[in-house]
Amino acid sequence: MPELPEVEVVRRGLARWVRGRSITGVDVIDPRSIRRHALGTEDFIGNLEHATVLDVVRRGKFLWMPLAVTGTDDAPGDLTEPPATAHLPKVALMAHLGMSGQLLMQDPAVPDEKHLKVRIKLSPAEDMPEQLRFVDQRIFGGLFVTSLIPTSDGGPGGLGETPLPEIAEEAAHIARDPLDPYFSFDLFYRKIKNRRTGIKRALLDQSVISGIGNIYADEALWSARLHYARATDTMRRADAGRLVDAVRDVMQAALAAGGTSFDSLYVNVNGDSGYFARSLNAYGRAGELCVRCEGLGLHTVMKREQFMNRSSYTCPVCQPRPRNGRW
DNA sequence: CGGCCGACCTGCTGGC
DNA sequence: TGCCAGCAGGTCGGCC
């Protein structure tokens, strides 16, 4: 279940292997993995072949590779001066890992993974695997080609090795994530004050703040001692500030844990790398003792509730349900 | 238009 | 032992 820290681990790992290399071929093994590419398999492949990968960029859980496309397939009567914009990226290969997606660098000799969906062949480079493979068991993730458009706030589109003032179109609607240097707390606070909803719903809404999934939402809420149903418009700056700090802390910890393995040959991203390695204080701990209460000599049992068709884990003492319960 | 819910998927688990 | 319901969850279309 990759959330932001896992995707960032992938981004760093991937950048090391693919920057500057060109795509020599694409096999779509399961077209369901490119269903977000509306123009179909042929168009998907056609947009990638002969393109050069410039970078790997991330915002929230979206990952994309800006491409330089040189018109090698077009009429060869060129050799005139190419336009100045010829090498500026206009499109990008977008990837979302969904629930179970992996991006793996592999040698051609390695047998296909059971859930291999797309194989991207790269130009040979010394001591580097020649294939980038997209593997996805549950098919919630996928690949597609998207345009790059200017950002609305003038900042870089996302986190990359060489940041560009452009963003993948399909990621343009999501907010900056809390690890983005251009993340604005004031903007986040304004957004939640203007909403009439519960705080966990807002945390999971990628247009309010991006990169947070169910696990880190529960961890951050527990850490900030906030109940998931707390009305966002009743939150004070201090509440919101404590929460954003908690989100950052839990993500930084996961990133540090996941980062230890990202120089392996595999761009290790099955999601196990980060958060399973670190200890969770809330998520999945139903029936166990709240570790904060325990430190105070209390024996409070963590509980699990259904909320938004998913599980939420809370400590009934640290995170009491708000009383004047509009949310 | 903002809030919210179901659909999309597969594999694993637990109950009968 | 076998079958089936339930569960896991990120994103988006569509409904109210």
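Residues numbered from 1 in each chain as written. Chains lettered and ligands numbered in written order. Predicted model: local features only at pLDDT ≥ 70, side-chain atom pairs only at ≥ 80, totals over all residues. Heavy atoms only, no water.

Draft legend 1. Layout of the overall build of chain A. In terms of regular secondary structure, chain A is built from eight helices and 12 strands. Sequence-distant contacts, at least 24 apart, represent 68% of the contacts inside chain A between residues at least 6 apart. Within the structure as shown, chain A displays about 15100 Å² of accessible surface, and the carbon and sulfur contribution to it stands at 51%. (Helix = DSSP H or I, 4+ residues; strand = E, 2+ residues; numbered from the N terminus. Contact = heavy atoms within 4.5 Å. Areas by Shrake-Rupley, 256 points an atom, 1.4 Å probe, with all protein chains shown as cover.)

Draft legend 2. Local environment of the protein's contact with DNA strand C. The local shell around DNA strand C holds 17 residues, among which Arg36, His96, Tyr283, Arg304 and Ser311 are the closest. Counting only atoms of DNA strand C within 4 Å of the protein, the fraction found in sugar and phosphate groups is 60%. Residue arginine 138 places a side-chain N or O atom 2.9 Å away from a base nitrogen belonging to DNA strand C. Between DNA strand C and the protein, one listed contact pairs a phosphate oxygen with a side-chain N or O atom of histidine 173 at 3.4 Å. Of all the secondary-structure elements, those providing two or more residues to the surface near DNA strand C are β11 (303-307) and β12 (310-314). Class assignment for the residues of the surface near DNA strand C results in five nonpolar, seven polar and five charged. (Near = heavy atom within 4 Å. Polar contact = N/O pair within 3.5 Å; in protein donor to acceptor, adjacent residues only side chain to side chain. Nonpolar A, V, L, I, M, F, W, Y, C, P; charged D, E, K, R; others polar.)

Draft legend 3. Focus on the protein's contact with DNA strand B. For DNA strand B, the full set of nearby residues is Arg32, Lys114, His115, Gln137, Arg138, Ile139, Phe140, Arg195, Arg196, Thr197, Arg201 and Asn309. Among atoms of DNA strand B positioned within 4 Å of the protein, sugar and phosphate together represent 75%. One nitrogen or oxygen atom from the side chain of arginine 32 is found 2.7 Å from a phosphate oxygen belonging to DNA strand B. Arginine 195 is positioned such that a nitrogen or oxygen atom in its side chain is 2.8 Å from a phosphate oxygen of DNA strand B. In terms of residue class, the surface near DNA strand B is built from two nonpolar, four polar and six charged.

Draft legend 4. Region of the structure containing the sheet that holds strand β6 (residues 101-106). Reading across from one edge, β1-β7-β8-β6 is the order of the four strands in this open sheet, with antiparallel pairing throughout. Pairing within the sheet leaves two strands with one partner each, and these edge strands are β1 (23-28) and β6. For this sheet, the mean inter-axis angle between neighbouring strands, taken without regard to orientation, is 15°. Of the strands in this sheet, β6, β7 (116-122) and β8 (131-136) touch helix α1 (residues 4-18), which is tilted by about 30° from β6. Running at roughly 160° to β1, helix α2 (residues 40-48) makes contact with β1 and β7 of the sheet. (Pairing = 2+ DSSP bridges. Axes fitted to C-alpha atoms, helices over the stretch in contact; angles between N-to-C directions.)

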